[in-house]
Amino acid sequence: MTTSTRSAVLSLYMRVLRIARAWQAQSGAASDTETERKYILQEARTLFRQNQQLTDQESIKRCIEECEARIEIGLHYRNPYPRATYLPPLGLATQKGRKLRTQQRLRKQAKPIYLQSHDET
């Protein structure tokens, strides 16, 4: 990891920590605020530690873009949780042979950038 990449990653991590510290739930309830703050911190720790061993510059760049996208979406919608993904057209087609592979490819292509680090469900 180059020093500029390292400083960008550390800057993002600090930004997430500052956002979590100042986070206010949309409902205004103290319990909701605390729950959402804990979620932001736990999610940041998990994803940053999960990607800590990355050395490929392209994959690091994708992770940085995902983090920035999740920050902007969370701040815009005042919701720290990932937004739902929608199935592509014919996403529920019969799951046999070639159609299954096509359906899996379409789902992978339809996955938004802010959910790339989450496992398939």
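Going along each chain's sequence as written, the residues are numbered from 1 onward. pLDDT decides what is reported in this predicted model: residues at 70 or higher carry local features, side-chain atom pairs at 80 or more are listed and counted, and totals for whole chains, interfaces and linings draw on all residues regardless. The side-chain numbers reported here are obtained from all heavy atoms of the structure, hydrogens and water having been left aside.

Going by an unreviewed UniProt entry, the protein carries the name LYR motif containing protein 1 and comes from Parambassis ranga. UniProt positions are given in the numbering used here, feature names are shortened, and annotations may be inferred rather than shown by experiment. UniProt's Sequence similarities (unreviewed entry) comment on the protein is quoted here verbatim: "Belongs to the complex I LYR family."

**Description of the overall build of the protein**
Helix numbers and strand numbers start at the N terminus; a helix is a DSSP run of H or I with at least 4 residues, a strand a run of E with at least 2. Counting its regular elements, the protein contains four helices and zero strands. Starting at the N terminus and walking to the C terminus, you meet the elements of the protein as α-α-α-α. Contacts between residues were defined by any pair of non-hydrogen atoms, one from each residue, lying within 4.5 Å. Taking all contacts inside the protein whose residues are at least 6 apart in sequence as the whole, residues at least 24 apart take part in 63%. Reported accessibility uses the Shrake-Rupley method at a 1.4 Å probe radius. Residues are deemed covered only where the shown protein chains occlude them. Accessible area for the protein stands at about 8,800 Å²; split by element, carbon and sulfur atoms hold 53% of it.

**As for the packing of helix α1 (residues 3-22) against helix α3 (residues 57-77)**
Axes, fitted as lines to C-alpha atoms, cover a helix only where it is in contact. Angles between the N-to-C directions of the axes lie from 0 to 180 degrees. Where α1 contacts α3, the axes come no closer than 11 Å and their chain directions differ by 20°. Classed by the angle they form, the pair α1 and α3 counts as roughly parallel. At the point where α1 passes α3, the crossing takes the left-handed sense. Along the contact surface, α1 presents Thr5, Ala8, Val9, Leu12, Arg15, Val16 and Ile19, while α3 presents Gln57, Ile60, Ile64, Cys67, Glu68, Ile71, Glu72 and Leu75. Split by residue class, the contact of α1 with α3 holds 10 nonpolar, two polar and three charged. Should an angle lie under 35 degrees it is considered roughly parallel, over 145 roughly antiparallel, and from 65 to 115 roughly perpendicular; all remaining angles are considered oblique. Should the near helix be turned anticlockwise from the far one by less than a right angle, the crossing is termed left-handed; should it be turned clockwise, right-handed. Residue type decides the class: Asp, Glu, Lys and Arg count as charged, Ala, Val, Leu, Ile, Met, Phe, Trp, Tyr, Cys and Pro as nonpolar, and the leftover types, Gly among them, as polar.

**Topic: the pattern of salt bridges**
By salt bridge we mean one thing: a side-chain nitrogen of Lys or Arg within 4 Å of a carboxyl oxygen of Asp or Glu. Using the criterion set out here, one finds three salt bridges in the structure. Across the pair Arg70 and Glu43 runs a salt bridge whose closest N-O atoms are separated by 3.2 Å. Linking Arg70 in helix α3 with Glu43 in helix α2 (residues 30-50), this pair joins segments that are 27 residues apart in sequence. Glu43 matches Arg70 in its accessibility class, with the two residues each being buried. The residue Lys61 makes a salt bridge to Glu65 at a minimum N-O spacing of 3.9 Å. You can see Lys61 and its partner Glu65 sitting in helix α3, four residues apart, about one turn around the helix. Working definition: with a 1.4 Å probe on protein chains only, accessible area under 20% of the residue-type maximum means buried, over 50% means exposed, and in between means partly exposed. A relative accessible area of 46% places Lys61 in the partly exposed class. Residue Glu65 is classed as partly exposed on the basis of its relative accessible area of 30%.

**Considerations on the packing of aromatic side chains**
Note on aromatic contacts: the rings of Phe and Tyr and the six-membered ring of Trp form a pair at centre separations within 6.5 Å, being stacked when their planes are under 30 degrees apart, edge-to-face when over 60 apart, and tilted otherwise. This model, assessed by the stated rule, comprises two aromatic pairs. Their ring planes at 70° and their centres at 4.8 Å tell us that Tyr13 and Phe48 sit as a pair that is edge-to-face. You can see Tyr13 sitting in helix α1 and its partner Phe48 sitting in helix α2, a full 35 residues away along the chain. Look at Tyr13 and you get partly exposed, because its relative accessible area is 23%. Take Phe48: its relative accessible area is 24%, and that puts it in the partly exposed class. Taking 4.6 Å as the distance between ring centres and 50° as the angle between the ring planes, the aromatic pair formed by Tyr39 and Tyr81 counts as tilted. Highlighted residues: Tyr39 in helix α2 and Tyr81 in the loop between α3 and α4 (97-110), separated in sequence by 42 residues. Residue classification places Tyr39 among the buried positions, given a relative accessible area of 17%. The residue whose ring lies beneath Arg78 is Trp23, and the NZ or CZ to ring-centre distance is 4.2 Å. A ring is scored as having a charge over it whenever the NZ atom of a lysine or the CZ atom of an arginine sits within 6 Å of its centre and within 35 degrees of its normal.

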